[in-house]
Amino acid sequence: MTGEFGGALPAAVEEGVGGFRTTIENTTERGGVNYGEFIEEVRTFMDRARAACPTTELNDDILSRLRAINDLLKGVTIDEWYAPSGTRTDLPARGNIMLPPYTFLDQGADGVVATLRFRRFHLGGNSAVHGGYVGLAVDEVMGLAAGLARGITRTAYLTINYRSVTPLDTDLELKAWVDRTEGRKTFLRATLSDGDRVCADAEALFILLNPGQR
Ligand SMILES: CCCCCCCCCCCCCCCC(=O)SCCNC(=O)CCNC(=O)[C@H](O)C(C)(C)COP(=O)(O)OP(=O)(O)OC[C@H]1O[C@@H](n2cnc3c(N)ncnc32)[C@H](O)[C@@H]1OP(=O)(O)O
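We now turn to the structure provided with this report. (Residues numbered from 1 in each chain as written. Predicted model: local features only at pLDDT ≥ 70, side-chain atom pairs only at ≥ 80, totals over all residues. Heavy atoms only, no water.)

Topic: the site of the ligand
Then, in step 1: In the vicinity of the ligand, 19 residues are found, and the nearest of them are Asp139, Thr155, Arg184, Lys185 and Gln213.
Then, in step 2: A distance of 2.7 Å separates an oxygen atom of the ligand from a polar atom in the side chain of Arg184.
Then, in step 3: About the coverage of the ligand: the protein hides 54% of its 1300 Å² of free accessible area.
Then, in step 4: Listing elements by their share of the shell around the ligand, those giving two or more residues are helix H4 (131-150), strand S5 (153-162) and strand S8 (197-208).
Then, in step 5: For the shell around the ligand, the domains that each give at least three residues are domain 1 (1-98) and domain 2 (100-208). (Near = heavy atom within 4 Å. Polar contact = N/O pair within 3.5 Å; in protein donor to acceptor, adjacent residues only side chain to side chain. Areas by Shrake-Rupley, 256 points an atom, 1.4 Å probe, with all protein chains shown as cover. Helix = DSSP H or I, 4+ residues; strand = E, 2+ residues; numbered from the N terminus. Domains from an automatic or database assignment.)

What to know about the environment of Lys175
Then, in step 1: Checked against the element boundaries, Lys175 lands in strand S6 (residues 172-182).
Then, in step 2: Of the residues examined, Lys175 reaches a relative accessible area of 36% and is grouped as partly exposed.
Then, in step 3: C-alpha separation for the pair Lys175 and Phe118, spaced 57 residues apart in sequence, amounts to 16 Å.
Then, in step 4: Those residues in contact with Lys175 that sit more than four places away from it in its chain are Val112, Val113, Arg189, Ala190 and Thr191. (Buried < 20%, exposed > 50% of the residue type's maximum accessible area, 1.4 Å probe, protein only. Contact = heavy atoms within 4.5 Å.)

Section: the side chain of His122
Then, in step 1: Among the structural elements, His122 can be located in the loop between strand S2 (111-116) and strand S3 (123-125).
Then, in step 2: Overall, the relative accessible area of 1% leaves His122 in the buried class.
Then, in step 3: Excluding its chain neighbours within four sequence positions, the residues that come into contact with His122 are Arg50, Met98, Leu99, Pro100, Ala128, Val129, His130, Tyr133 and Leu168.

Overview of the nonpolar core
Then, in step 1: Within the largest apolar cluster, 32 residues are counted, with the highest numbers of intra-cluster contacts made by Leu116, Phe118, Met142, Leu174 and Leu192.
Then, in step 2: Contributing elements (two or more residues each) for this core: S2, H4, S6, strand S7 (185-194) and S8.
Then, in step 3: Broken down by element, the residue count for this core peaks at 8 residues, all from H4.
Then, in step 4: Aside from chain neighbours lying at most four places away, what touches Met142 is Leu158, Ala176, Leu188, Arg189, Ala190, Ala202, Glu203, Ala204 and Phe206. (Core = buried A, V, L, I, M, F, W, Y, C linked by side-chain atoms within 4.5 Å.)

Comments concerning the packing of aromatic side chains
Each aromatic ring pair is characterised by the separation of its centres together with the angle its planes make.
Then, in step 1: Evaluated as defined, the whole model comprises 3 aromatic pairs.
Then, in step 2: Each ring, one from Phe121 and one from Tyr133, has its centre 5.7 Å from the other, and the planes form 45°; the classification is tilted. Placement of Phe121 in the loop between S2 and S3 and of Tyr133 in helix H4 is noted, with a sequence separation of 12 residues between them. The pair Phe121 / Tyr133 is uniform in exposure class, with both members buried.
Then, in step 3: In this arrangement the basic side chain of Arg180 is found over the ring face of Phe187, its NZ or CZ atom lying 3.9 Å from the centre. (Phe/Tyr/Trp six-rings, centres within 6.5 Å; stacked < 30°, edge-to-face > 60°. Lys NZ or Arg CZ within 6 Å of the ring centre and 35° of its normal.)

Shown next as structure tokens:
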């Protein structure tokens, strides 16, 4: 693996722990007590960056500040297994800035129910959420449902039916549940709803990874 952040995954594969680790230390301390606020501020930045039309002067001012902030962060980057973004399970969407922030209303081996809000950053067009971000959220929550039911899995296929426009800045409900299992295969279904209105439904196959499988 190349690039600034390369190298973490091959080491994990050598340890034989599979594509996603099951033994990541689950703490609420990595990144510090205000890490959740940091992630939320980054999300707000992304929303405003999508919405803003800065002057040249303001753009250059923000650019120099951003470069300074990026230099600060470069000094504290670590591998993916310990970076708090994605592993702080106490935070909405595990602290992953890409995802719409979601929290669980219910979770168990039969399925999960999450509430989530897409934001300006997730805009597709005409106040509707980009379909790819719907897919991201559905894959994530179905993956967690598959994980709770079976263990460490990867998506083999995911089919999404976009039934109606998914709105920004609205509390939505995402349900994902196991339909059936066959050996390593777990078939799941999901619905994304705005109140009584279905925005999307989905079906997917997740494959239980073999020990050490990337
Ligand atoms: C404390 C901190 C906690 C941290 C908290 C972490 C939580 C962490 C959760 C995160 C939640 C995120 C969830 C995102 C999840 C992704 O998005 S994963 C990324 C997207 N997916 C991928 O990159 C997968 C790429 N593909 C692959 O790696 C491989 O093709 C697969 C899917 C692993 C399967 O390969 P394989 O293991 O060699 O299995 P294979 O023998 O080919 O197939 C097994 C069976 O499935 C069938 N099959 C396989 N693919 C297909 C297909 N596309 N269609 C139909 N049948 C299929 C085969 O026919 C076979 O059937 P049987 O012969 O057994 O009846």
